[in-house]
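# Architecture and fold: a report
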Number of protein chains: 2
Amino acid sequence: MSNSSVSPQKLANAIRALAMDSIQKAKSGHPGMPLGMADIAVALWTRHLRHNPKDPKWLGRDRFILSNGHGSMLQYALLHLTGYDLSMDDLKSFRQLHSRTPGHPEVGVTPGVETSTGPLGQGIANGIGMALAEKMLAAEFNRPGFPVINNRTYVFLGDGCLMEGVSHEACSLAGVWQLGKLVAFYDDNGISIDGNVKGWFGDDTRKRFEAYGWNVIGPIDGHSIDAVDQAINEAESQSEKPTLIICKTTIGKGSPKFQGTSKVHGAPLGDEEIAAAKKALGWEYGPFEIPQDVYDAFDARATGEKLEADYQKMFDGYAAAYPELASELKRRIAGDLPANYAETVAQAVEAAEKAAESVATRKASQKALSAICPKLPETLGGSADLTSSNLTNWEGVTAFGTDNLAGRHISYGVREFGMSAIMNGIALYGGFIPFGATFLTFSDYAKNAIRMAALMQIRSIFVYTHDSIGVGEDGPTHQPIEQTASLRLIPGLDVWRPCDTVEAAVAWGCAFEKKNGPSALIFSRQSVPFLHQAGAKADLIRKGGYILTDAESPKAVIVATGTEVSLGSAIQEKLAEEGIAVRLVSMPCTERFDAQDAAYRESVLPAGLPVLTIEAGSTELWYKYTRGNGASLGIDQFGASAPASKLWPLFGLTVENGVARVKDLLH
Amino acid sequence: MSNSSVSPQKLANAIRALAMDSIQKAKSGHPGMPLGMADIAVALWTRHLRHNPKDPKWLGRDRFILSNGHGSMLQYALLHLTGYDLSMDDLKSFRQLHSRTPGHPEVGVTPGVETSTGPLGQGIANGIGMALAEKMLAAEFNRPGFPVINNRTYVFLGDGCLMEGVSHEACSLAGVWQLGKLVAFYDDNGISIDGNVKGWFGDDTRKRFEAYGWNVIGPIDGHSIDAVDQAINEAESQSEKPTLIICKTTIGKGSPKFQGTSKVHGAPLGDEEIAAAKKALGWEYGPFEIPQDVYDAFDARATGEKLEADYQKMFDGYAAAYPELASELKRRIAGDLPANYAETVAQAVEAAEKAAESVATRKASQKALSAICPKLPETLGGSADLTSSNLTNWEGVTAFGTDNLAGRHISYGVREFGMSAIMNGIALYGGFIPFGATFLTFSDYAKNAIRMAALMQIRSIFVYTHDSIGVGEDGPTHQPIEQTASLRLIPGLDVWRPCDTVEAAVAWGCAFEKKNGPSALIFSRQSVPFLHQAGAKADLIRKGGYILTDAESPKAVIVATGTEVSLGSAIQEKLAEEGIAVRLVSMPCTERFDAQDAAYRESVLPAGLPVLTIEAGSTELWYKYTRGNGASLGIDQFGASAPASKLWPLFGLTVENGVARVKDLLH
């Protein structure tokens with residue numbers, strides 16, 4: 001930034017050289033994008049990006065996202081050159097085990113990486129979530145003269161991101177939300193893996209984004225650093241609309257043999273071609289060699305420290321003038337819950353126990369939210385256009401909109417994937433705990449964003465209602481069968497399926513508490529009996545599986561979840577009438593139960609006792625608990641359109657059937 | 001169509017009346033859309049749609065798709081009124097168990113329903129698949145004077161479909177593919193479930209679709225039947241571009257109290273409001289009462305029979321002039337395989353056995369395709385921009401494009417969901433067996449379309465390569481863990497994970513053969529040893545699980561799939577060296593194995609013998625086979641970026657570990 005004697009082109013070539021060298025050393029990687037976007041990166045990173053390499057978590061920093069994450073070496077090169085704690089040895093360890101430079105950018109692994117990318121289209125959606133969080137937090141916390149929340153969000157993306165449907169969902173919302181501080185750079189190189197995109201990607205992208213209400217600049221020459229610089233200035237001269245800068249580039253720019261072709265996308269160039277490229281670029285240095293003038297020109301440490309020092313001074317003034325706001329902001333950004341949080345949840349549980357209401361579990365969820373959210377100001381709810389069905393709007397909450405930035409419930413429209421990826425961006429920015437809902441069946445639409453939340457270990461909370469054939473008349477397209485099981489397969493995701501108001505309150509309590517990972521909360525459309533007459537069991541519920549009602553010397557165990565716990569209870573009663581003692585275990589969260597020690601698990605499910613599991617969905621995951629000595633009531637085929645009362649017997653989920661199955665197990 | 005004395009408005013009101021009555025009787029359903037789109041429906045169905053109610057499968061028919069499937073009563077009313085085998089009693093059984101009028105349209109249940117809809121955005125994608133199939137089959141089979149394939153595809157869709165990302169993916173392709181015989185009607189009523197869409201859906205849809213290269217008409221008055229009629233004429237006057245007709249409508253048109261609000265979307269109106277609506281509409285008849293003049297005006301049977309008779313006459317001429325083409329077309333449309341198909345597969349298997357090549361299973365897949373596809377002209381491959389990685393392009397195939405309609409491999413671009421939903425449309429049209437590929441991790445992006453293929457019982461074949469940590473350096477975003485298990489949970493989907501060239505050939509053979517359901521084929525990036533030295537086992541492989549190599553008096557069984565079968569083989573050998581006899585079972589398709597009789601399953605996995613399962617992914621589904629007496633080698637956490645050779649030991653997938661686990665089981 002300081003040394004003006006180095007040509008910007010040389011800086012771009014430094015990125016290219018590092019990318020080529022690292023990929024070659026790793027014998028694996030994607031040179032096409034870093035070579036193509038190097039000039040854009042130089043314009044942004046040396047002339048605009050406000051960041052402090054010494055403090056990658058500085059609250060005032062601009063956010064930078066590589067939505068085309070396969071170009072990771074571009075970002076690693078930038079982080080290294082500008083002074084982050086990412087050494088040349090780290091670059092030499094590109095794509096090696098336990099290195100800080102994995103194949104695709106991973107948040108939490110590399111300082112300066114804001115989100116994990118690679119699955120295309122989600123990075124831009126994450127960025128939109130970050131820009132939304134920035135806008136909402138700014139409205140909540142900033143005060144005249146104290147813009148404590150004030151940053152831009154920059155996103156690099158490519159043809160792949162723009163082809164993916166999630167880009168449509170998220171970018172459409174960014175337009176409606178008027179995210180004027182979001183700037184996206186489209187690497188318009190006309191090439192994807194299958195070749196020239198003409199045969200499969202004919203969008204007029206300018207027109208498309210204008211249709212979303214974006215400010216579109218370009219096409220400009222993406223290899224003209226000045227043109228990019230000028231476009232960024234233009235983007236930043238307005239504040240109403242998100243900006244897309246369309247940058248015409250040559251993929252693999254600099255590789256004489258491969259540039260402009262798909263051959264340069266995803267494989268090392270080879271020593272010979274690297275030599276040729278370096279020669280063509282006028283880059284005279286050895287592998288992994290960066291001259292001091294380049295380092296000096298990139299070095300953002302001094303300016304970064306000054307930026308942060310200035311910010312800190314401003315923040316100190318803010319803290320003096322608004323001490324409560326400042327401390328609240330700090331708490332929110334740190335992701336810490338309020339001091340009275342445990343009490344809040346305990347009160348919600350107690351209220352549920354006292355009210356003893358028999359309601360649909362989605363209603364139970366709403367009651368829990370109404371008890372907790374008013375005391376947890378970081379909650380930010382939402383629904384993919386099913387608010388009145390999902391019941392994620394709690395008592396007193398208002399709808400978010402550009403005319404109501406204080407609204408804490410977002411109508412995301414019919415965009416399950418976009419919603420989920422945006423929630424991930426909100427969670428990554430911090431200051432909010434996002435939750436968003438749709439029907440359980442349509443968790444399918446958002447599957448990879450749920451996975452990404454688990455991989456990134458972030459606190460996104462996915463709410464799914466209408467969780468079984470209990471949906472009734474809407475039929476098999478709307479009746480989940482395999483979805484609950486499918487969610488349980490995602491490593492690190494806690495999947496809760498509460499049986500009543502008490503379990504719903506505990507589940508929400510646990511989900512909000514789980515700082516380093518996502519949860520999915522699964523609720524019913526139909527009403528179920530209240531089951532916790534026996535008194536407070538909150539601590540047991542938190543274990544994920546527990547004895548709800550025991551019997552003396554039980555001969556078998558019924559394990560059930562959600563709305564089927566009441567069915568299990570009825571079966572238990574019926575068997576008791578016949579003199580057969582059976583234990584009833586409620587298992588709202590198998591992940592939590594599995595995490596308990598062996599002694600506890602054995603105390604709930606003693607070896608030798610046969611087990612009947614009951615869940616109105618796939619039985620495939622229940623063999624883990626029947627262990628060769630049990631049976632499962634469930635549904636392993638698609639549902640049907642009919643009143644729910646007709647469906648339960650159709651699929652065998654009846655007291656009679658349960659009683660018969662337990663007796664079978666005892667014979 | 002014939003009786004011009006009935007006003008078209010009255011026809012539209014008949015639809016409205018039937019929709020209100022049926023929904024009221026069912027106490028469940030969605031009146032908003034049928035009331036809003038009734039006029040559009042009258043314009044299309046009485047003035048343009050070419051169909052024959054007496055023969056819903058007539059090859060020459062236009063295709064009609066309700067992408068906003070919650071408005072199912074609109075379609076049922078139309079089918080009833082125009083003379084399909086759908087009685088008034090059927091309408092009275094709307095949403096009841098085993099009725100022909102389920103909550104959302106289901107193909108195979110109701111005559112005249114072309115695809116199952118409800119999950120938004122997929123109907124339009126199915127329609128695009130149908131229009132593509134029509135275009136490609138027309139190019140292949142039509143001859144001068146004999147347009148044996150020649151129909152239009154009409155799609156109704158709403159705001160929800162347009163918000164969904166899959167609409168972006170599919171409609172972008174429709175533009176590139178110049179599907180000029182596709183006409184979509186956008187029910188632009190400005191209302192979605194959460195209310196007025198302004199707060200979450202601000203797209204300029206005209207501009208958006210122009211950006212895709214569509215012909216956009218409107219906004220027009222969607223309640224002016226003449227205006228809609230005229231727009232359809234305009235759409236059909238050009239053949240280069242798909243058409244979107246934007247129809248401004250009032251949701252729930254006719255309901256005095258609720259029209260124009262989200263209240264009318266998804267609940268019965270109530271007797272009182274229905275009476276008020278009928279009065280306002282001037283509809284003087286009782287519930288489920290349709291006057292004869294309305295029936296007469298809608299009745300499409302005579303014209304339909306004439307259309308089909310004319311078509312048949314033309315087809316007979318075609319059959320006389322081109323007997324081979326005609327019989328081939330009939331075969332293709334019937335979905336029957338060529339007479340020599342079994343032989344073709346047998347030859348492919350034999351060739352694989354002879355060649356005995358140790359290759360990546362994705363390469364094994366390509367070899368199978370190269371052996372089978374040239375003899376199976378209905379195969380239509382494709383990839384979501386990963387052709388050179390997925391290897392779905394077989395020897396001799398050319399790339400599909402508007403300049404090469406004979407190409408049989410489609411580059412779908414980076415659009416996994418769109419590709420899959422389009423494939424479903426192609427399969428529904430018939431004449432092709434579509435298969436399409438991406439990386440296994442990104443099956444997540446397409447999840448609901450895979451489910452829909454299973455629900456519809458259609459022959460879409462989903463190909464997933466890069467199936468484990470064997471991917472290596474690309475890291476956890478690209479390494480599937482839970483995906484194979486997650487696919488296995490979908491009812492009716494056969495999931496194949498072959499271990500070598502022989503199993504790959506059999507798997508492809510079975511997938512092409514499975515007329516009434518989809519398959520997923522899962523292949524590796526990395527090479528594996530050839531394992532079928534022992535000779536032909538094709539018949540056993542078809543059983544889904546079989547003894548690959550046995551031992552005398554085995555003490556335990558190793559069950560493995562895909563690339564881990566060779567690991568199991570190495571473990572078996574090592575144990576044999578130590579005098580421990582172990583059986584090796586290859587289980588390429590658990591669904592097929594589960595479908596075998598108990599005796600066969602017991603012969604492969606005898607009760608009492610401990611089982612070690614090996615698969616480089618989630619272990620959660622393997623408890624079914626270990627039955628309380630076994631263990632699983634697998635991965636229940638996310639992967640890591642590193643050369644694959646480092647990852648196998650990191651996750652414990654080694655010979656040493658397998659040997660130790662088997663020994664543990666025997667102690």
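What counts and what doesn't
- Residues numbered from 1 in each chain as written.
- Chains lettered and ligands numbered in written order.
- Predicted model: local features only at pLDDT ≥ 70, side-chain atom pairs only at ≥ 80, totals over all residues.
- Heavy atoms only, no water.
- UniProt positions renumbered as here; feature names shortened; annotations may be inferred.
- Helix = DSSP H or I, 4+ residues; strand = E, 2+ residues; numbered from the N terminus.
- Rg over C-alpha atoms; globule rule 2.2 N^0.38 Å.
- Buried < 20%, exposed > 50% of the residue type's maximum accessible area, 1.4 Å probe, protein only.
- Pairing = 2+ DSSP bridges.
- 1 Å grid on protein atoms, 1.4 Å probe; cavity = no way out; pocket = protein on both sides within 12 Å on 5 of 7 lines; lining within 4 Å.
- Points joined across faces, edges and corners; volume = space filled by probe spheres on them.
- Nonpolar A, V, L, I, M, F, W, Y, C, P; charged D, E, K, R; others polar.
- Contact = heavy atoms within 4.5 Å.
- Salt bridge = Lys/Arg side-chain N within 4 Å of Asp/Glu carboxyl O.
- Axes fitted to C-alpha atoms, helices over the stretch in contact; angles between N-to-C directions.
- Parallel < 35°, antiparallel > 145°, perpendicular 65-115°, else oblique.
- Left-handed = near helix turned anticlockwise from the far one by under 90°.
- Phe/Tyr/Trp six-rings, centres within 6.5 Å; stacked < 30°, edge-to-face > 60°.
- Lys NZ or Arg CZ within 6 Å of the ring centre and 35° of its normal.
- Least-squares fit on C-alpha atoms with pLDDT ≥ 70 in both.

Chain A is annotated in an unreviewed UniProt entry as Transketolase of Mesosutterella multiformis. According to UniProt, the comment filed for chain A under the heading Subunit (unreviewed entry) is "Homodimer." Under the UniProt heading Function (unreviewed entry), the note attached to chain A is "Catalyzes the transfer of a two-carbon ketol group from a ketose donor to an aldose acceptor, via a covalent intermediate with the cofactor thiamine pyrophosphate."

### Let's talk about the overall build of chain A
Along its length, chain A carries 27 helices and 18 strands. Here the C-alpha atoms of chain A give a radius of gyration of 28 Å, agreeing with the 26 Å that 2.2 N^0.38 yields for 667 residues. On the principal axes, the C-alpha backbone points of chain A span a range of 90 × 60 × 45 Å. Here chain A holds 667 residues, and 69% of them are scored as buried.

### Focus on the pairing of strand β1 (residues 63–66) of chain A
Residue and element names in this part refer to chain A. Burial along β1 is two-sided: Arg-63 and Ile-65 and Phe-64 and Leu-66, pointing in opposite directions, are all buried. Inspection of the sheet shows β1 paired to strand β2 (residues 153–158) by four bridges, in the parallel sense. Bridge pairing in β2 links Phe-64 to Tyr-154.

### Regarding empty space enclosed by the protein
All names here are of chain B. One pass over the full model with this rule turns up six cavities of 30 Å³ or more. By volume, the largest cavity amounts to about 90 Å³. For the largest cavity, the lining is made up of 14 residues, of which His-51, Asp-62, Tyr-84, Gly-112 and Glu-114 are closest to its centre. Of the residues contributing to the lining of the largest cavity, the split by class is six nonpolar, four polar and four charged.

### Let's talk about the environment of Ile-410 of chain B
Residues and elements named next belong to chain B. For Ile-410, the position within the fold is in strand β9 (residues 409–411). With relative accessibility at 0%, the residue Ile-410 sits in the buried group. Distance from Ile-410 to Phe-435, taken between C-alpha atoms, is 9.6 Å for residues 25 residues apart in sequence. Not counting the four nearest positions on each side in its chain, Ile-410 is found in contact with Leu-132, Trp-177, Leu-380, Gly-381, Gly-382, Ser-383 and Phe-400.

### A closer look at the pattern of salt bridges
Considering all chains together, one arrives at 72 salt bridges over all chains under this definition. In this structure, Arg-100 of chain A and Asp-85 of chain A form a salt bridge, with 3.6 Å as the shortest nitrogen-oxygen distance. You can see Arg-100 of chain A sitting in the loop between α4 (88–92) and α5 (122–141) and its partner Asp-85 of chain A sitting in the loop between α3 (72–82) and α4, a full 15 residues away along the chain. Residue Arg-100 of chain A is classed as partly exposed on the basis of its relative accessible area, which comes to 27%. Asp-39 of chain B is the partner of Arg-16 of chain B in a salt bridge, and the nearest nitrogen-oxygen pair spans 2.7 Å.

### Overview of the packing of helix α7 (residues 165–176) of chain B against helix α17 (residues 416–429) of chain B
When two helices pack together, their arrangement is given by the angle between their axes and by how far apart the axes lie. Residues and elements named next belong to chain B. The contact between α7 and α17 brings their axes to 8 Å, and the two run at 70 degrees. Between α7 and α17, the angle is such that the two are roughly perpendicular. In the crossing of α7 with α17, the sense of the turn from one axis to the other is right-handed. Two secondary-structure elements touch here, α7 through Val-166, Glu-169, Ala-170 and Leu-173 and α17 through Glu-416, Phe-417, Gly-418, Ala-421 and Ile-422. Of the residues belonging to the contact of α7 with α17, the class tally is six nonpolar, one polar and two charged.

### Digging into α3 of chain A
Residue and element names in this part refer to chain A. Of all the eleven residues making up α3, eleven are buried; the element is thus mostly covered by neighbouring parts of the structure. Burial in α3 covers these residues: Ser-72, Met-73, Leu-74, Gln-75, Tyr-76, Ala-77, Leu-78, Leu-79, His-80, Leu-81 and Thr-82. Immediately downstream of α3, the backbone of Gly-83 shows phi near 110 degrees, a positive value.

### Describing the sheet that holds β1 of chain A
Residues and elements named next belong to chain A. The five strands are arranged β1-β2-β3-β7-β6 in an open sheet whose pairing can be described as parallel. Of all strands in the sheet, those with a lone pairing partner are β1 and β6 (215–221), marking the two edges. On average, adjacent strands in this sheet sit at an angle of 15 degrees to one another, irrespective of strand direction. Bridge count between β6 and strand β7 (residues 243–248): five bridges; the pairing is parallel. Bridge pairing in β7 places Ile-220 opposite Cys-247. Docked against the sheet, helix α2 (residues 32–47) engages β1, β2, β3 (182–188) and β7, running at close to 150 degrees with respect to β3.

### Details of the UniProt feature "binding site: thiamine diphosphate" (unreviewed entry) in chain A
UniProt feature "binding site: thiamine diphosphate" (unreviewed entry): in the numbering of this structure it lies at His-70, Gly-118, Pro-119, Leu-120, Gly-160, Asn-189, His-265 and Phe-442 of chain A. The greatest C-alpha distance among the annotated residues, which extend across 373 residues, is 34.2 Å, indicating that they are dispersed rather than converging on a single site. Residue Gly-160 of chain A is classed as buried on the basis of its relative accessible area of 10%. Leaving out residues up to four positions away in the same chain, Gly-160 of chain A has contacts with Leu-120 of chain A together with Val-414 of chain B.

### Points about unusual backbone geometry
What you tend to see is this: most non-glycine residues have negative phi, and most peptide bonds are trans. Residues and elements named next belong to chain A. Of the consecutive residues Gly-218 and Pro-219, the connecting peptide bond is found in the cis state with omega at 5 degrees. Note on placement: Pro-219 falls in strand β6. Despite not being glycine, Lys-27 shows a phi value in the positive range, around 55 degrees. Mapped onto the fold, Lys-27 is located in the loop between α1 (8–26) and α2.

### Details of the packing of aromatic side chains
Residue and element names in this part refer to chain A. The final tally for this structure, using the stated rule, is 52 aromatic pairs over all chains. Taking 5.9 Å as the distance between ring centres and 45 degrees as the angle between the ring planes, the aromatic pair formed by Trp-394 and Phe-435 counts as tilted. Taken as a pair, Trp-394 in the loop between α16 (387–390) and β9 (409–411) and Phe-435 in strand β10 (residues 433–439) lie far apart in primary sequence, 41 residues in all. The buried category is assigned to Trp-394, whose relative accessible area is 8%. Judged by relative accessible area, which is 0%, Phe-435 ranks as buried. The rings of Trp-58, Phe-146, Tyr-311, Phe-315, Tyr-318 and Tyr-322 are connected pair by pair, giving a single aromatic cluster. Its guanidinium or amino end placed over the ring of Phe-432, Arg-332 lies 5.2 Å from that ring's centre, counting from NZ or CZ.

### Brief notes about the UniProt feature "domain: Transketolase-like pyrimidine-binding" (unreviewed entry) in chain A
Listed under "domain: Transketolase-like pyrimidine-binding" (unreviewed entry) in the UniProt record, and renumbered for this structure, are residues 359–530 of chain A. With 34% helix and 16% strand, the stretch residues 359–530 of chain A has end C-alpha atoms that lie 7 Å from each other.

### Topic: the packing of helix α15 (residues 361–372) of chain A against helix α20 (residues 501–513) of chain A
Residue and element names in this part refer to chain A. Between α15 and α20, the least distance of the axes is 8 Å, while the angle of their chain directions is 55 degrees. Relative to α20, the element α15 is oriented oblique. The handedness of the crossing between α15 and α20 comes out as right-handed. On α20, the residues touching Ala-364, Ser-365, Ala-368, Leu-369 and Ile-372 of α15 are Thr-501, Ala-504, Ala-505, Trp-508, Gly-509 and Phe-512.

### A short note on the relation of the copies chain A and chain B
What relates the two chain copies is a rotation about an axis together with a slide along it. For the pair chain A and chain B, the superposition axis carries a translation of 0.0 Å, the fit reaches an RMSD of 0.0 Å, and the rotation angle comes to 180 degrees. Considering both components of the superposition, the chain copies are consistent with a two-fold axis. Of every C-alpha in chain A, the one belonging to Gly-165 of chain A sits nearest the axis of rotation, 1.8 Å from it. When the interface residues of chain A are mapped onto chain B, 100% of them again lie at the interface, so the same face is used by both copies.

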